[in-house]
Each structure stands twice: as C-alpha cells, then as structure tokens.
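Take a look at the letters that make up each chain.
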Amino acid sequence: MEVIGVIILVVSFLICLSFGVPVAYSLGISAVLTLLVSVDSIAAFTALAQRMATGLDSFTLLAIPFFILAGQLMNRGGIAIRLIAFAKVIVGRLPGGLAFVNILANMLFGAISGSAGASASAIGGFMTPVMEKEGYSRPFSAAVNITSATTGLIIPPSNILIVYSLASGGVSIAALFIAGYIPGILIGLTLMLVAGFYTRRFPVSIAERVTLKYATITFLHALPSLLLLIVVIGGIIGGIFTATEASVIAVLYTLILSFIYREITLRDLPDIFLKSIGTVSIVMLLIATSIALSWVLSFENIPQSISTALLSISDSKFVLFLIINLVLLFVGVFMDMTPAVLIFTPIFLPVVMQFGVHPIHFGIIMIMNLCVGLCTPPVGAVLFIGCSVADVRIEKVVKPLLPFFAAMIISLLLVTYLPILSLWLPKMFGF
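Residues numbered from 1 in each chain as written. Predicted model: local features only at pLDDT ≥ 70, side-chain atom pairs only at ≥ 80, totals over all residues. Heavy atoms only, no water.

Novice: I keep staring at the pattern of salt bridges and nothing clicks. Help me out?
Specialist: Note that side chains of opposite charge can pair when their charged atoms are close. Evaluated as defined, the whole model comprises 3 salt bridges. The closest approach of N and O atoms between Glu-132 and Arg-138, which form a salt bridge, is 3.0 Å. Residue class for Glu-132 comes out partly exposed when judged on its relative accessible area of 39%. Residue Arg-138 is classed as partly exposed on the basis of its relative accessible area, which comes to 23%. Between Lys-275 and Asp-271 there is a salt bridge; the shortest N-O distance is 3.8 Å. Of the two residues, Lys-275 and Asp-271 are both situated in helix α14 (residues 269–299); the distance of 4 residues between them amounts to about one turn of the helix. The exposure class assigned to Asp-271 is partly exposed, which follows from its relative accessible area of 33%. (Salt bridge = Lys/Arg side-chain N within 4 Å of Asp/Glu carboxyl O. Buried < 20%, exposed > 50% of the residue type's maximum accessible area, 1.4 Å probe, protein only. Helix = DSSP H or I, 4+ residues; strand = E, 2+ residues; numbered from the N terminus.)

Novice: Would you take a moment to explain helix α7 (residues 116–133) for this structure?
Specialist: Helical periodicity: at 3.6 residues per turn, an α-helix aligns residues three or four positions apart in one direction. Over its 18 residues, α7 extends 25 Å from the first C-alpha to the last, a length consistent with the 26 Å expected when each residue adds 1.5 Å. Every buried residue belonging to α7 is among Ala-116, Ala-118, Ser-119, Ala-120, Ala-122, Ile-123, Gly-124, Met-127, Thr-128 and Met-131, and all of these are buried. Where α7 is buried, its residues touch α4 (63–76), α5 (79–91), α6 (97–113), α8 (138–149) and α19 (381–390). A positive phi of about 105° marks Gly-135, the residue just after α7. (Expected span 1.5 Å × (residues − 1). Contact = heavy atoms within 4.5 Å.)

Novice: Would you take a moment to explain the layout of surface pockets for this structure?
Specialist: In this approach, a probe sized like a water molecule rolls over the atoms, and the result shows the empty space that is left. What the largest pocket holds in volume is close to 1,000 Å³. Ser-115, Thr-279, Val-283, Asp-336 and Ala-381 are, among the 37 residues lining the largest pocket, the residues nearest its centre. In terms of residue class, the lining of the largest pocket is built from 25 nonpolar, 11 polar and 1 charged. Quantified by volume, the second largest pocket comes out at close to 460 Å³. Along the walls of the second largest pocket sit 19 residues, with Val-10, Phe-13, Val-331, Met-335 and Phe-344 positioned nearest its centre. At the level of elements, α1 (2–18), α14, α15 (302–313), α16 (317–334) and α17 (337–353) are the ones that each hand at least two residues to the lining of the second largest pocket. The dominant element in the lining of the second largest pocket, judged by the number of residues it contributes, is α1, at 5 residues. (1 Å grid on protein atoms, 1.4 Å probe; cavity = no way out; pocket = protein on both sides within 12 Å on 5 of 7 lines; lining within 4 Å. Points joined across faces, edges and corners; volume = space filled by probe spheres on them. Nonpolar A, V, L, I, M, F, W, Y, C, P; charged D, E, K, R; others polar.)

Novice: Sorry, what's going on with the environment of Arg-82 here?
Specialist: Tracing the backbone through its elements, the reader meets Arg-82 in helix α5. Counting along the chain gives 23 residues from Arg-82 to Ala-105, while the straight-line C-alpha distance between them is 9.3 Å.

Novice: Which parts of the structure should I look at to understand the side chain of Ser-225?
Specialist: Mapping Ser-225 onto the fold places it in helix α12 (residues 212–237). A distance of 3.5 Å separates polar atoms of two side chains, one belonging to Ser-225 and the other to Tyr-261. (Polar contact = N/O pair within 3.5 Å; in protein donor to acceptor, adjacent residues only side chain to side chain.)

Novice: What is the right way to read the packing of helix α2 (residues 23–35) against α14 from this model?
Specialist: Axes are the key here: two packed helices are described by the angle between their axes and the distance separating the axes. Put simply, α2 and α14 touch, their axes get as near as 9 Å, and they point 25° apart. Regarding the angle of α2 to α14, the classification is roughly parallel. Considering the relative orientation of α2 and α14, their crossing is left-handed. On α14, the residues touching Val-23, Ala-24, Tyr-25, Leu-27, Gly-28, Ala-31, Thr-34 and Leu-35 of α2 are Leu-285, Leu-286, Thr-289, Ser-290, Leu-293, Trp-295, Val-296 and Phe-299. Along the lines of polarity and charge, the residues of the contact of α2 with α14 split into 12 nonpolar, 4 polar and no charged. (Axes fitted to C-alpha atoms, helices over the stretch in contact; angles between N-to-C directions. Parallel < 35°, antiparallel > 145°, perpendicular 65-115°, else oblique. Left-handed = near helix turned anticlockwise from the far one by under 90°.)

Novice: Sorry, what's going on with a nonpolar patch on the surface here?
Specialist: Together, Ile-410, Leu-414, Leu-418, Ile-420, Trp-424, Met-428, Phe-429 and Phe-431 make up an exposed nonpolar region whose accessible area comes to about 780 Å². For the nonpolar patch, the element with the highest residue contribution is helix α21 (residues 420–428), accounting for 3 residues. For Phe-429, the position within the fold is in the segment after α21. (Patch = residues over 30% accessible without salt bridge, like charges linked within 9 Å, V, L, I, M, F, W, Y side chains within 5 Å. Areas by Shrake-Rupley, 256 points an atom, 1.4 Å probe, with all protein chains shown as cover.)

Novice: Sorry, what's going on with the state of the cysteines here?
Specialist: Here a disulfide denotes one covalent bond, and it connects the sulfur atoms of two cysteines. On inspection of all chains with the given rule, the structure shows 0 disulfides. As a non-bridged cysteine, Cys-375 has Cys-371 as the owner of its nearest cysteine sulfur, 7.5 Å distant. Accessibility expressed as a relative area gives 1% for Cys-375, which makes it buried. (Disulfide = S-S within 2.5 Å.)

This is how it looks when you write it as structure tokens:
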C-alpha cells in the first residue's frame, strides 16, 4: 500500500505541476488522491479539511504574517538604500568592491527583512545599474544579487526557520535563529571569494576612498535599521518575548523608522497592507496543504518506509548525509521551500536523529539545500525576481550563476560535515 501511495503522490504532483497548477493546489490534489487509496471520499475530504484548519491554528505561525509585513515596510521604507551605503563604506574599497557591497547589503537587508525575494528586489533594483556603470555585466550583477539574497533565509530572523520549528515538532526558534549566523556568514564569504576571483579576470572600477566623517554619518544613518536585529534577536534570546511577539515589535519598529525616514506616508499603508495580505495568503495556503500532505504521508506510513530504505542503503552518516543533500537539492529545484520543509522534515529528521544528528544542525542543512533551489529554474522565485529587476533573460544569467552555485554547495558541505558551525553559538547561549 505504501508503494502505491508513493507512486500516486509523486505522479499526480508532477502531472499537476506540468499543467501549470499552482504548487499549493498541486499539493492538495496529491494529498486527496493518495488518501483515497485507503479511505472513502467523504472521510478523505473531511480529514484533509480538518488537518488544514488545525495545522494553521498555531500561535507560532502568527509570526510569519507580521514578519512579512515588516519586510514590506522595509522594502518601501528607505532601509535598503542606507544599508547599501553602509556596506559600501565597509567593503567598497576592496577588489570587486561593488559586488562585495551587493553581497553584504543583501546579507544585512535579508537578515532584517527575513525575505530573500524582498532582498533581491530592493538591493538588486538599486545595485544593478550602479554596478553596470562601473564595468560589471548585468548577468553577473544579477547572479551576485540572486545568490546573496538567499542568505537572509539563514541569518535570522527567518520565516522558513519558524516553519521548520513547526515541522520538527517544536525545536527552539531562538536556537535555530542563533544557529543560522555562522552558516549565513559563511555563504556570504564564499560568494565574495567567487566575486573577487571574477574581478581579477575582468578588472572593474574600485570605489573612491571615503573620509572618516562620511563613514561616521553613513553608519549613523544605518544604525537604526541595524538596531532592529539587536532588538528582535536579543529579545528572543533573552526571553523577553517570543518570536511571534518579536514579529509584532519588528512591524512597529519598522513603521516608526519608515515615518522618521519620510519614505512612507499614511497614504502608502493600504497598498503595503494589501501586498502583505496577498503574500501571506499564498504562504498560509502552502502551509495548510503541506501540513495536510504531511499527515497523509504519516497515515500511509510512507516516512517509515523511506526511513527503512535509507537505513538499508548504508550505515554511514557520511553517505546518509550525501544522499539526503542530493535529494533536497533535487527537491528544491521543483518545489517551494515551505512545502518542502513541511513534507520532508518528518521524513528525514527521524532518520538523521538515529545517527545522533542534532535537529538544529539538520534544520540549517535543510534550509541551505533549499536555498540553492530558489536560484534555479523552473520554480526558483529569487531567480525570477533577480532577473526581472536586472532586466536580463534567465539563460544569460545561468553561466555566471554556476560558480556561485559551487560556492553555496561548498558552504553546504562544510556545514553538513562540521556540525560545530551551526551548533557552537546555540551551545554558547545555553540551548
């Protein structure tokens, strides 16, 4: 029965995607068809409806809409421009300075907004013409922007880490947030190495030296935005408030800051709220159908069958990690991050825990894998956003993307086989 369920699930999902059915609906249809193998239609539809409703009944999930709203406010509130100026002061004089500025600005903005798409849009829209003026090709600029935008999903606060906490059965969100810092910074550094190698082969202009006065002013302008990280993460780690409460504080802080910067007026708020609601609706529907599909998988004993199959292949943790990484890299190419995390966490987490792998460590590995998928066709959302803001065709970006993909995968392998990179900070803070 499990084999039949897997076949129906995979085939129906791929057929739906091939006909252009949205991912959320594809997941729901696959869940219904798989469950119909075991129960009658009324029971199947009733059970899935109940699972979708109860799955969204979570105080933790309430953080996601507020962080999405905070990201929209940041995107419109002039925060990106100030972070770019700050990044330029720090790394602008280095060889390949503007590429480094793009990467560092994405790391900062992505960390504050928690959204790879918002980061790629805000930073890429500003940096691409500036980089082109200094001798960088548009495809290369887009490749830098696309890959570095994903660091915001690993460096906290991150919505997808909240989703993983839910899927894993309640792994500490604070611990996951702290665990993301070193891997996120590692990805940024490896991307900078690739960008630096590019500028050695294709010389480009280096930014002019800035005065201490200008550097100080730029830092002070960016400081209120940077303080948001300290307020949100510091409050969560210190136990002052939960991740959900922190998301509300992030919205309030960002709204006040945007009014102070005079980048947003009261007339802009309805449009910002509507865009946030649209994004939240899509995310929540994905979460609901993914939770329903996860329950169907459990009902059909599919995770147990896959676990048994994986354990029968090899008893080596090295080989097991390699297989899981390859599977997740493949999944990320065809599936959005949210359903991928909700579906595959219950499948793979019990397996790796039998080898003594910490759930926090595995969570970071999973997100890093799926971040690569955001930059690849056919469903790479960040790839499409990055190409759109840079006004370049996807096929022209593929070649300059390849060395950056290599950098991301090298970072992934380092984090996979060196658990200290993701566990040292949580242990230091007592998690």
